[in-house]
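# Structure assessment
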Amino acid sequence: MEIDLTTCEQARQTRDPRFDGRFFVGVKTTGIFCRPICPVRLPKAENVIFFKSAAAAIEDGYRPCLRCRPESAPGTPAWCGSSTSVTRALRLIHEGALDQSSISALADRLGITSRHLSRLFQRHLGASPIAVAQTRRLQFAKKLINETSLPMTEVAMAAGYGSLRRFNDHFRKVYDRPPSALRAGTRQASDGRLSIRLPYRAPYCWDSISAFLAKRAVPGVEWVSDGRWHRHVELDGQVGHIEVSHSEFEPVLQCRLDLPSTAPLYTLVERIRNLFDLNADPLEINGTLAHDKTLDKLLSENPGIRVPGSWDSFELAVRAIVGQQISVSGATTVMGRIAERFGTTVNGATLFPSPERLMRADPTDFPMPQARARAIVDLASAVAGGVVNLDRWVEPDALRQSLVAIKGIGEWTAGYIALRVLSDPDAFLHSDLVLLKVARRLYGDQSAAALLERSAGWRPWRAYAGMYLWRAAAQLNG
């Protein structure tokens, strides 16, 4: 996103929530930066400066506002669709790639030079990769300080600081005070679980995404009950439990986590954000899709539909293979049997089997056609051996090519895996039978080629168009 001074000033003056997190406002007279919705008295226009990201503001010497808490803004999606390298680099940074490594090592993983990576970050985010990584740690730590009663040592470790000293030094440098001075008497839930709020940009169709996940939840591993999503997770041989619900009163998802360790907390929260597509920007997505009159009608009828990500990429890939040529409910039943047959049970909780476990399985033990069972075993071997990389930072085309090289995995299956695992906003399954059927009813398109040609006008948000068309198909059949 390029900074449009006129648009930013209008959004600041009106405190427009649609622009929350899309840019930040630095106040020259105080040295503080805020969200555009900050409730404080508006400073004069000549005294403000706009930043593309919180990292850019901090790198320029501005301190985060303690009133509007920039760390509580929705995720910044301004770079989405503008640079594949930036997108992949940010995903690696969010996985901790710069916590113990260098920019050169990060650039090597992306296949570009560190100098070029730094130029891309300055162009798209207004800050260096190191500044982005440091701000990521700082903002998550600040969130834990405000929303939990975790000891400061655990906050530091969960945010990826590596040591309490680095944690304290960074906070003193940015906030000009120690971390303990920022805690406002928060308390943990009475049952001992952590409670964390994850913001999003409205509108958000919780009913749609929770229903989607409920139909595909692996029995015993994941479930939706009373409008709340639940999941068992394994941490170093111990089991934790995560619950996510939707707030009726403000644009946040409420997460409650019962974990044996808080060390991987940031990674778990990022998984939740990815699964529920919390970084999506309806303003930008709708601005493109609404040019299509049919989609514009669907957008108004079902505002805020998101593209569900995946919690476990290997589990999702297995699900895609299982789901070939059978119903959604049938695939869910088979996934439950696979988890029961090959998974592990810890303290009564079922955990989906790892690639290493399934690669040793006998295809005849799977409750499905042997060709599909063999594809699952071969996929498990490829993932365990590093031939197929299901990490979120992998390029979509590279992932698809590695998947279709496995016998039994076709273009549709590979595309669906890329859509859910990589959260590729432009992934589009133009050969999907349901999409073709609804396209014939809505547009008169008779072929996959015609639908693919039509979808060019929906780029780079074709994944969202696909979700709206799937939703329309369900409503037409209902």
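Scroll up to find the structure this text is about.
Presented here is an overview of the structure given in this document. Treat the numbers as computed from the prediction; the structure is a model and nothing was measured.

Secondary structure assignment for the protein yields 21 helices and 11 strands. Split into buried and exposed, the 478 residues of the protein put 54% on the buried side. Considering only residue pairs separated by 6 or more positions, the protein has 66% of its internal contacts joining residues 24 or more positions apart. Surface exposure of the protein reaches about 20,900 Å², of which carbon and sulfur atoms provide 49%. Computed over 60 positive and 49 negative side-chain charges, the inter-centroid distance for the protein is 3 Å.

All right, on to the nonpolar core then. If you look at the biggest cluster of nonpolar residues, it comprises 146 residues, and the most contacted ones within it are L265, F276, V318, I338 and F366. The biggest single contributor to this core is helix α21 (residues 462–477), with nine residues. The contacts of F366, once residues within four sequence positions are left out, are I338, F342, L358, A361, A373, I376 and V377. Counting seven residues, the second largest nonpolar core, distinct from the first, contains C8, A11, V25 and F50.

So, on to the pairing of strand β7 (residues 228–235). When you tally the buried positions in β7, you get six out of eight residues, the bulk of the element. When strand β6 (residues 222–225) meets β7, the two strands line up antiparallel, connected through four bridges. Its bridge partner being in β7, S225 is matched across the sheet by R228. Between β6 and β7, which pair antiparallel in sequence order, lie two residues; one of them, D226, sits at a positive phi of approximately 55°. Here β7 folds back onto strand β8 (residues 238–246), and the loop between the two strands holds two residues, one of which, D236, carries a positive phi near 55°.

Further remarks concern the sheet that holds β8. On the basis of which strands lie adjacent, the open sheet formed by five strands has the order β5-β9-β8-β7-β6 and antiparallel pairing. A strand with exactly one partner marks an edge of an open sheet, and here the two such strands are β5 (194–199) and β6. Direction aside, the axes of adjacent strands within the sheet are offset by 25° on average.

The strand order across the open sheet formed by four strands is β3-β1-β2-β4, and the pairing between neighbours is mixed. Across the chains shown, the open sheet's two edge strands, defined by having one partner strand only, are β3 (48–51) and β4 (63–64). Alignment of strand β1 (residues 24–27) against β3, held across four bridges, turns out to be antiparallel. The residue of β3 that forms the bridge with V25 is F50.

Here the second largest pocket is characterised by a volume of approximately 940 Å³. In terms of lining, the second largest pocket is formed by 26 residues, of which the most central are F212, R216, V328, V434 and W470. In terms of residue count, the dominant contributor to the lining of the second largest pocket is α21 (six residues).

A side chain of one charge can pair with a side chain of the opposite charge when the charged atoms of the two come close. Counted by the stated rule, this structure contains 26 salt bridges. We note a salt bridge from R400 to D424, for which the minimum N-O separation is 3.6 Å. Remark: D424 occurs in the loop between α18 (411–421) and α19 (433–442) and R400 occurs in helix α17 (residues 396–404); sequence separation between them is 24 residues. Comparing R400 with D424, the two get one shared label, buried. Across the pair D426 and R459 runs a salt bridge whose closest N-O atoms are separated by 2.6 Å. Here D426, found in the loop between α18 and α19, pairs with R459, found in the loop between α20 (448–455) and α21; they are 33 residues apart in sequence, far enough to count as distant. Looking at D426, the relative accessible area reads 11%, which means it is buried. Put simply, R69, E71, K142, K143 and E147 are held in one network by salt bridges that share partners.

Before going further, it helps to examine the environment of I305. Counting through the fold element by element, I305 comes out in the loop between α12 (293–301) and α13 (313–322). Separated by 162 residues in sequence, I305 and M467 have C-alpha atoms that sit 7.3 Å apart. When neighbours within four sequence positions are excluded, I305 is seen to be in contact with C205, S208, Y464, M467, Y468 and R471.

Another aspect to go through is the environment of A11. One can find A11 in helix α1 (residues 5–14). In contact with A11, not counting residues within four places along its chain, are D16, F19, F23 and P36.

Basis of the calculations
- Residues numbered from 1 in each chain as written.
- Predicted model: local features only at pLDDT ≥ 70, side-chain atom pairs only at ≥ 80, totals over all residues.
- Heavy atoms only, no water.
- Helix = DSSP H or I, 4+ residues; strand = E, 2+ residues; numbered from the N terminus.
- Buried < 20%, exposed > 50% of the residue type's maximum accessible area, 1.4 Å probe, protein only.
- Contact = heavy atoms within 4.5 Å.
- Areas by Shrake-Rupley, 256 points an atom, 1.4 Å probe, with all protein chains shown as cover.
- Lys, Arg positive; Asp, Glu negative; His and termini not counted.
- Charge placed at Lys NZ, Arg CZ, Asp CG, Glu CD.
- Core = buried A, V, L, I, M, F, W, Y, C linked by side-chain atoms within 4.5 Å.
- Pairing = 2+ DSSP bridges.
- Axes fitted to C-alpha atoms, helices over the stretch in contact; angles between N-to-C directions.
- 1 Å grid on protein atoms, 1.4 Å probe; cavity = no way out; pocket = protein on both sides within 12 Å on 5 of 7 lines; lining within 4 Å.
- Points joined across faces, edges and corners; volume = space filled by probe spheres on them.
- Salt bridge = Lys/Arg side-chain N within 4 Å of Asp/Glu carboxyl O.

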